[in-house]
Amino acid sequence: MSDFLKRFKSENPEYSEIDDQTLAEALYQKYYTDQFDDFSSFANKIKLQGYTKPAPAGTEVVERFAGGGMIVKMPDGAETYFDEGGSISNPAMIAQIRAAKGDVGAVKRGETAQELIGELPTRVLSAAKGIPFVRGYVEPVAGQMASAISKTGIPYLFEGGEGISPEAATGLINQAIERREQEAPITSGLSRLGAGVATAAPFAPALRADSMIGKIGQGGLYGTAIGGLEGLIAGYGEGGVDEAQRQATSGAVGGGLFGAAGAPIAGAVGYGYGKYLERPVKDIVESLGFKREAASVVADTLAKDAADAVQSVENSGPYGSLVAVGPNTASLLDTISQSSGKGAKIAIDNLNETAVAASNDLNKTLDTVLGEVTDGIKTQKSGIMESTSKQRREIYGEAYSAKIDPDTEQGARVIELVNRATPEELSQAKRALRREGISTDFLGGQRVKEAELNEVLADIPASQRADLSVTSNADGSYTVFRVPTVEMVDVLSKRLFGLSDAAKRAGDMDEYMSLRIFAFDLRKSLDDVSPSYADARAAGKDAIDMRNAADLGNDILNPRITREDVMLSIQQMDDVAAGQLRQALRNRIDEIAANAKKPVTASSEQEIIEALATLKAMNTRAVATKLRMVLGDEDADIIGKQIRDTSEAMMMRALASRNSATFNRQVVMERLKEITGKSLAEQVGEQGPFTVGARKATEALVGGTPQSQRIERLTEEMAPVLTQRLTPEQLLLQASRMQSLAPAIERAQLGSQSAAEAVQRGAMSLGITQAQQDERLSPTQQLMRALGMPSY
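In this text, all values refer to a predicted model and were calculated from it rather than measured experimentally.

A. Quick peek at the overall build of the chain. Looking only at helices and strands, one finds 35 helices and 7 strands in the chain. The 792 residues of the chain split such that 42% are buried. Summarising the internal contacts of the chain: among those between residues at least 6 apart in sequence, 68% fall at separations of at least 24. Here the chain has roughly 41,700 Å² of accessible surface; of this, 53% comes from carbon and sulfur atoms.

Shown next as structure tokens:
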């Protein structure tokens, strides 16, 4: 320090903090301008060391530099640089001079180097200084390449420079890059930061931990390892072993911090972006009728059934609801129906209403196809006999007068069938004929000895001998056979039907069907012999046919009546008999429904209980086949469809069954726990005093609705949407909307994961770039300084 100024400051302590040159300039202006020609003479006189020229008159010093140059503010506000070489007023040059700390020579050399290298290569090389691991080797590698290219004579990097050495090329590249940093610090920093993140992010390891704490730990560990390694490798290229050690340390710290911080930031970004992408999901769910929280609750459940939703409801009947789209949605209904709030009642009421409508429609369909319910089978058969008695006497008189000719094919067939009857069957027919005064001798054949033949024939009236047939046997005996009349065969068939009924009552269903089929064959053979008999049968005046048809209708639902039995029984059935079958079937179905037992604890309507009993009796493949045989394809299809539709409605109602005692006990217990809660001591013991205290304070400040009430509110919102009855067209539309739900949720989830992973990788790569700490600042620090922000 100048002795003059030292003495002045000791005498005037208030000036002790002012720098020597400023104080000297002030003293010169106030006291010594008349004694010295200029400030330089005064400065030399007082022996002021390292002084610079004062700012020109009328200007204000903005910044001084060690080399003697300064930046001043002119009277018009513009900045100008002054030094011994002159002045510079170009703002861009002034900014570069300021960045170079007043080294005007370095700025000019860099400008010259940049002109030689070229602007585009300079920018590329400057950006390459941000690439991890290789950034410390950009200048020497580029210098080697530039030297090799220059020696080819092709002016690629240098305008006119030919045969330049690698060292000279490396120096020029260094100067050009420094010049780039000076003239565009923000752009340079951004380009390096972008190059670093872009090249490092794809190689940043993914965090596989399940918890956030685990991800933070993984991110910090990976970032520390990779950042330290990058600083070690790149730092060695920038300054050898010492620089490698320094940058390895800073790289490990920066990489660890950014790697750890990236996990929660990535989680928050992924969550937010996922919520943004979920807006289409919300729109789809709300278009189905769900609102607010309910939409969030059901979205994932509906998505699980979305793929097959359309296929599931394509054949849905008129009783469908959204529950029909798949098993997961049905499980959601089960949960709602087991709840204790209004939602369960809404769901059950809706499903009951649909089930009752399906039950009523089933009865209407049965009435339309089979006829309305009348009295039972006994009354029906009694009515048949009473209503046909007069007609039978008139029509069958003519039919019985027909003759059976054994010499014809038709007659031979009748006799062959009669001969197949057992003695017991013939005996019963004979007793019935005797009561009518009809002779039955030799009916079915009688074997007599040769010596007795003449006596036997002599006892037969001459008028009846024409009806006898005598055949010889191998043992010398003869068989006398009476050719039966139509009436005899008819009576035999009736007795066969009676025997079949007895077999059925005894439980011998095989005998029952065998006798019925035998009887039908006899009656069909008489149709071929006696047209009058066939006409009578065709006119529906045969009470036996109708009674048998009624019996079949009454028994057709019995599993012991096989499909083959039905097929054989209906071969000879006419339209009138078929009508009796339908009526008996309808009455039988109604009887089954009327006898359905309703459990004491059941909450379902009686219509539902009876419909279930009806479906149980009819909803089998065997019954469906038998109905198709007796009703025909068209009517069988009508009933079959109604059975399927009603079954679907009943299945949906069954999903809402509330018969789980275990579940009900759990609900009550959960409610008791919620009401009583745990003691404060128990809570502190389980969670710790700080956690409990914070939760209690939050509850006191914020309040909130108990969980049970929130669940009840949600079920109340979901129940009507899930169980509302929809037309097939409406349900198909809802299913079509659902099909786009799963892809939308998948896009949201993948988008959220991708965003989180990209942010995490970006954060880790940003941490790796922090290892770029040579004598200059890192790209991030450069940007912060250029933007006027504090940097670490």
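After that view of the structure, there is still more to cover.
B. Region of interest: the packing of aromatic side chains. On inspection of all chains with the given rule, the structure shows 9 aromatic pairs. Taking 5.7 Å as the distance between ring centres and 35 degrees as the angle between the ring planes, the aromatic pair formed by Tyr28 and Phe42 counts as tilted. Placement of Tyr28 in helix H2 (residues 20–32) and of Phe42 in helix H3 (residues 39–45) is noted, with a sequence separation of 14 residues between them. Of the two residues, Tyr28 and Phe42, neither departs from the other in class, the shared state being buried. The interplanar angle of 65 degrees and the centroid separation of 5.6 Å between the aromatic rings of Phe36 and Phe42 together place this pair among those described as edge-to-face. Across this residue pair, the class does not change: Phe36 and Phe42 are buried.

C. Region of the structure containing a negative patch on the surface. A surface patch of like charges, here negative, comprises Glu424, Asp508, Asp510 and Glu511. The topology assignment puts Asp510 in helix H21 (residues 509–529). On the basis of relative accessible area, Asp510 is assigned to the exposed category, the value being 66%.

D. The packing of helix H25 (residues 575–594) against helix H26 (residues 606–618), seen in detail. In the contact formed by H25 and H26, the axes pass within 8 Å of each other and the chain directions differ by 130 degrees. As judged from the angle between their axes, H25 and H26 are oblique. For the pair H25 and H26, the crossing hand works out as right-handed. Contacts between H25 and H26 involve Ile589, Ile592, Ala593 and Ala594 from the first element and Glu610, Ala613, Thr614, Ala617 and Met618 from the second. Taken together, the residues of the contact of H25 with H26 break down into 7 nonpolar, 1 polar and 1 charged.

E. Focus on the nonpolar core. Core analysis: the largest hydrophobic core is formed by 37 residues, its most contacted members being Val285, Phe290, Met718, Leu722, Met738 and Leu741. It is helix H12 (residues 292–306) that contributes the most residues to this core, 7 residues altogether. Counting 33 residues, the second-largest nonpolar core is a separate cluster that includes Ala503, Tyr512, Met513 and Ile561.

F. Molecular detail of the sheet that holds strand S7 (residues 478–482). Judged by pairing direction, the sheet is antiparallel, and its 3 strands sit side by side in the order S5-S7-S6 without closing on themselves. One side of each edge strand has no neighbouring strand; the edge strands of this open sheet are strand S5 (446–448) and strand S6 (468–472). Each adjacent strand pair in this sheet contributes to an overall mean axis angle of 25 degrees, direction not counted. Bridging between S6 and S7 involves 5 bridges; their strand directions are antiparallel. Each bridged residue has a counterpart across the sheet, and for Val470 the counterpart in S7 is Val480.

G. Region of the structure containing the sheet that holds strand S1 (residues 60–64). Spatially, 4 strands are ordered S1-S2-S3-S4 in an open sheet, and the strand pairing comes out antiparallel. In this open sheet, the two edge strands, each paired with only one partner strand, are S1 and strand S4 (86–88). Pairwise comparison of adjacent strand axes, ignoring direction, gives a mean angle of 30 degrees for this sheet. Bridge count for S1 against strand S2 (residues 70–73) is 4 bridges, and the pairing is antiparallel. Residue pairing for S2: Glu63 is matched across the bridge by Ile71.

H. Representation of the environment of Val373 in the model. Tracing the sequence through the fold places Val373 in the loop between helix H15 (342–370) and helix H16 (377–400). Residues Val373 and Ala584, spaced 211 residues apart in sequence, show a C-alpha to C-alpha distance of 8.8 Å. Ignoring sequence-local partners within four residues, the contact set of Val373 consists of Asp367, Gln583, Arg586, Asn587 and Asp590.

I. Structural detail: the confidence of the model for the chain. Here the chain averages 75 in pLDDT, and 79% of its residues register 70 or above. Taken element by element, the predicted model of the chain shows its lowest mean pLDDT in helix H29 (residues 661–676) (46) and its highest in helix H27 (residues 621–631) (89). For the stretch residues 659–665, pLDDT sits under 50, and the model shows 3 contacts to residues farther than four places along the chain or on other chains.

J. Representation of H2. Along H2, the residues classified as buried are Asp20, Gln21, Leu23, Ala24, Glu25, Leu27 and Tyr28. Buried residues along H2 sit in contact with helix H1 (3–11), H3 and S1.

K. Broad picture of a nonpolar patch on the surface. On the surface, a nonpolar cluster with roughly 230 Å² of combined accessible area is contributed by Leu229, Leu232 and Ile233. In this structure, Leu232 sits in helix H10 (residues 212–277).

L. Summary view of the environment of Ser754. On the secondary structure map, Ser754 appears in helix H34 (residues 741–769). Spatially, the C-alpha atom of Ser754 lies 9.6 Å from that of Tyr273, the residues being 481 residues apart in sequence.

M. Just the pattern of salt bridges, in detail. The tally for this structure, following the rule as stated, stands at 14 salt bridges. The residue Arg523 makes a salt bridge to Asp490 at a minimum N-O spacing of 3.3 Å. Here Arg523, found in helix H21, pairs with Asp490, found in helix H20 (residues 486–505); they are 33 residues apart in sequence, far enough to count as distant. The buried category is assigned to Arg523, whose relative accessible area is 0%.

N. Seen up close, the pairing of S7. Where S5 and S7 come together, 3 bridges link them in antiparallel fashion. Along S7, the bridge assignment pairs Arg447 with Thr479.

O. Representation of a positive patch on the surface. Together, Arg431, Arg434, Arg435 and Arg495 line one region of the surface with positive charge. With 3 residues, helix H18 (residues 423–435) is the largest single contributor of residues to the positive patch. In this fold, Arg495 is placed in helix H20. Classification of Arg495 as partly exposed rests on a relative accessible area of 31%.

P. Inspection of the packing of helix H11 (residues 279–287) against H34 at higher detail. At a closest axis distance of 8 Å, the pairing of H11 and H34 adopts a crossing angle of 155 degrees. What the angle tells us is that H11 and H34 run roughly antiparallel. Between H11 and H34 the crossing geometry is left-handed. Here Val281, Ile284 and Val285 of H11 lie close against H34, whose contacting residues are Leu741, Ala744 and Ile745. Class assignment for the residues of the contact of H11 with H34 results in 6 nonpolar, no polar and no charged.

Q. How the structure looks around the side chain of Ser477. Residue placement: Ser477 occurs in the loop between S6 and S7. Ser477 has contacts with Arg447, Val448, Thr471 and Ser472, leaving out every residue within four places of it along the chain.

Reading guide: rules and limits
- Here the residue numbering is sequential within each chain, running from 1 through the sequence in written order.
- It should be noted that, the model being predicted, local features are given only for residues of pLDDT at least 70 and side-chain atom pairs only at 80 or more, the latter also being counted only at that level, while totals for whole chains, interfaces and linings use all residues.
- Water and hydrogen atoms play no part in the side-chain values, which are based on all heavy atoms of the structure.
- Counting from the N terminus, the helices are DSSP H or I runs at least four residues long and the strands are E runs at least two residues long.
- Only protein chains enter the accessibility calculation, which uses a 1.4 Å probe; a residue is then buried when its area is under 20% of its type maximum, exposed when over 50%, and partly exposed in between.
- Pairs of residues are marked as contacts when any of their non-hydrogen atoms sit within 4.5 Å.
- Method for areas: the Shrake-Rupley scheme with a 1.4 Å probe, in which residue coverage is limited to the protein chains shown.
- Classification of ring pairs rests on two measures: the distance between centres of Phe, Tyr or Trp rings, Trp counted by its six-membered ring, which must be within 6.5 Å, and the angle between planes, read as stacked under 30 degrees, edge-to-face over 60 and tilted in between.
- Surface patches are drawn from residues lacking salt bridges whose relative accessible area is over 30%; two like charges belong together within 9 Å, two nonpolar side chains (Val, Leu, Ile, Met, Phe, Trp, Tyr) within 5 Å.
- Salt bridges, as used here, are contacts in which a Lys or Arg side-chain nitrogen is within 4 Å of a carboxyl oxygen on Asp or Glu.
- Residues scored as positive are Lys and Arg, those scored as negative are Asp and Glu, and His as well as the terminal groups of each chain are ignored.
- We put the charge of a Lys on NZ, of an Arg on CZ, of an Asp on CG and of a Glu on CD.
- Note on geometry: axes are lines fitted to C-alpha atoms, helical ones only across the stretch in contact, with angles between N-to-C directions running from 0 to 180 degrees.
- Comment on the angle field: the value is read as roughly parallel under 35 degrees, roughly antiparallel over 145, roughly perpendicular from 65 to 115, and oblique elsewhere.
- In a left-handed crossing the near helix is turned counterclockwise from the far helix by less than a right angle, and in a right-handed crossing that turn is clockwise.
- Classification used: nonpolar for Ala, Val, Leu, Ile, Met, Phe, Trp, Tyr, Cys and Pro, charged for Asp, Glu, Lys and Arg, polar for all others including Gly.
- Only buried Ala, Val, Leu, Ile, Met, Phe, Trp, Tyr and Cys residues count toward a nonpolar core, and they belong to the same one when joined by side-chain atoms within 4.5 Å.
- Note: two strands are recorded as paired if DSSP finds a minimum of 2 bridges between them.
- Values of pLDDT, the confidence the predictor places in each residue, fall between 0 and 100.

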